[in-house]
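A structural walkthrough
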Amino acid sequence: MSEGLTGTFRSLRGFNYRTWATGAIVSNVGTWMQRTGQDWLVLTQLTSNNATAVGVVMSLQFGPQVLLLPLTGFAADHFDLRKLLFATQAAAGVLALGLGLLTVSGVVQLWHVYVFAFLLGCVTAFDAPARHAFASELVEESDLSNAVALNSASFNGARMIGPAVSGLLVASVGSGWVFLINAASYIAVLASLSRLKVDELRRRGRAERSRSSLTEGFRYVWKRPDLRAVILMFFVVGTFGLNFPIFISTMSVTVFHEGARHYGLLSSTMAIGSVSGALLSARRTSPRMGFLAASAAAFGFAVLLAAVMPNYATFGMALVAIGMFAQTFTTTATSLAQLSTDAVVRGRVMAILLAIALGGTPLGAPIVGWTADTFGPRWALTVGASAGFVAALIGLYHLGKYRKLSSAT
């Protein structure tokens, strides 16, 4: 065990990170349960297998990442991150409770899901950059890349459990109880935040408040060609490639004609690859642009492979590869941005990265959903594969351009 703690799991040596990770894994399971139950509710109960409606839900859930960008980055760099996370996690729990009560009582309508998705998106817009920046307060700088990767492993490890359990519960007792269980799961992460040893947190220097502090993050990124390339690559893949709720639900329902149990199992299957990708990333201490480009290309090939799989079993096998390369790409991009950014603007830079990557969903998800409805789910997967190839070309262009510049000087 000691050898493992010095390698892949070295961040777990610290009490604060162990405590945070314990609460997070429980909450992450609940989050994946709700995502699966919500997609199934929209696709099969509130609509007649309408993938566009699922895309609209995704748009509303991720759109606030862009709309609230100036405020979310500002909050991550100026507020106490532990207190901010306590507020966002509690709010997310309340929203899950509200949607669960509406669904259990039998009065839920599609517009209710739209409203709750948008409100959760507003909460997540503040939560996500704060959560990423909080990793630097839980571990030493040398372990930051490892902590980011282990956070991803936790999130995707929960994906192996959550969707499968959700599929069983949806089939037996309905989506509403899934949402209520998710609401209860937030108690774990709130308890972990309460138990942290505050005096051992590695507090960052707070950025000074000024009229220009909201735009300082944008100016910082604009002066950094490497960060611009990472963010652009993440935008392309996030907008058109990471639409897994649409890909998996439409292939499961309209191509393979499977029910809720099998749909949940497919999501869990992809998580096997996601955890593998996150753990492999945890062993690397210095992410590189070349590796980021390679992982984007590998993601594109994996999605293309899934698009031509002839049956449920082989499609599930392709999802393992998709999960591995998607997670390798996102973890490498996040670590690359964090490790190369000054601490005083890290929260704002992470907010920009996440907003542009996930905030592209309001554009990409409806397009991918419309493609699935009009031409079929396999063509929607082809759109996702193309995103991986385009991102790889962006990375290769950056490497070629700036290698020439460095050799010329």
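Residues numbered from 1 in each chain as written. Predicted model: local features only at pLDDT ≥ 70, side-chain atom pairs only at ≥ 80, totals over all residues. Heavy atoms only, no water.

A closer look at the overall build of the protein chain
- Looking only at helices and strands, one finds 18 helices and zero strands in the protein chain.
- Against the compact-globule benchmark of 22 Å for 409 residues, the protein chain has a radius of gyration of 20 Å, which places it among compact chains.
- Dimensions of the protein chain along its principal axes, counting C-alpha atoms only, are 55 × 50 × 50 Å.
- Counting all 409 residues of the protein chain, 57% fall into the buried class.
- Partitioning the intrachain contacts of the protein chain with sequence separation of at least 6 by distance along the chain shows that 88% fall at a separation of at least 24.
- In the structure as shown, the protein chain presents an accessible area of about 16,300 Å², 67% of it carried by carbon and sulfur atoms.
- Here the protein chain holds 30 positive side-chain charges and 17 negative ones, and the gap between their average locations is 3 Å. (Helix = DSSP H or I, 4+ residues; strand = E, 2+ residues; numbered from the N terminus. Rg over C-alpha atoms; globule rule 2.2 N^0.38 Å. Buried < 20%, exposed > 50% of the residue type's maximum accessible area, 1.4 Å probe, protein only. Contact = heavy atoms within 4.5 Å. Areas by Shrake-Rupley, 256 points an atom, 1.4 Å probe, with all protein chains shown as cover. Lys, Arg positive; Asp, Glu negative; His and termini not counted. Charge placed at Lys NZ, Arg CZ, Asp CG, Glu CD.)

Notes on helix α5 (residues 69-78)
- Burial runs high along α5: eight of the ten residues are buried.
- Leu 69, Thr 72, Gly 73, Phe 74, Ala 75, Ala 76, Asp 77 and His 78 are the residues of α5 that are buried.

Thoughts on helix α3 (residues 51-62)
- Under the 1.5 Å per step criterion, the end-to-end length of α3 is 17 Å for twelve residues, consistent within 8% with the ideal 16 Å.
- Most of α3 is tucked away, with nine of its twelve residues classed as buried.
- Here α3 has its buried residues at Ala 51, Ala 53, Val 54, Gly 55, Val 57, Met 58, Ser 59, Gln 61 and Phe 62.
- Its side-chain oxygen at 2.9 Å from the backbone nitrogen of Thr 52, Asn 50 defines the N-terminal cap of α3. (Expected span 1.5 Å × (residues − 1). Polar contact = N/O pair within 3.5 Å; in protein donor to acceptor, adjacent residues only side chain to side chain.)

Considering the packing of aromatic side chains
- A full pass over the atoms with the stated rule returns nine aromatic pairs.
- Taken together, a centroid distance of 5.7 Å and an interplanar angle of 80° make the contact between Phe 234 and Phe 329 edge-to-face. Of the two residues, Phe 234 is situated in helix α11 (residues 225-240) and Phe 329 in helix α15 (residues 312-339); the sequence distance between them amounts to 95 residues. By the burial criterion, Phe 234 is buried, and Phe 329 matches it.
- An aromatic cluster is present here, built from Phe 244, Phe 247 and Phe 299 joined pairwise through their rings.
- Against the face of Trp 32 rests Arg 35, its NZ or CZ located 4.8 Å from the ring centre. (Phe/Tyr/Trp six-rings, centres within 6.5 Å; stacked < 30°, edge-to-face > 60°. Lys NZ or Arg CZ within 6 Å of the ring centre and 35° of its normal.)

Re the environment of Val 178
- By secondary structure assignment, the location of Val 178 is in helix α9 (residues 175-195).
- If sequence neighbours within four positions are ignored, Val 178 has contacts with Met 33, Gln 34, Ser 166, Leu 169 and Val 170.

Some points on the pattern of salt bridges
- A complete count under the given rule lists three salt bridges for this structure.
- Residue Asp 127 is joined to Arg 131 by a salt bridge in which the shortest nitrogen-to-oxygen separation is 2.7 Å. Remark: Arg 131 and Asp 127 occur in helix α7 (residues 110-138); sequence separation between them is four residues, near one turn of the helix.
- Relative accessible area serves as the criterion here: at 6%, Asp 127 is assigned to the buried category.
- For Arg 131, a relative accessible area of 30% corresponds to the partly exposed category.
- For Arg 224, the salt bridge is made with Asp 226, and the minimal N-O distance between the two is 2.8 Å.
- Its relative accessible area of 17% is what places Arg 224 among the buried residues. (Salt bridge = Lys/Arg side-chain N within 4 Å of Asp/Glu carboxyl O.)

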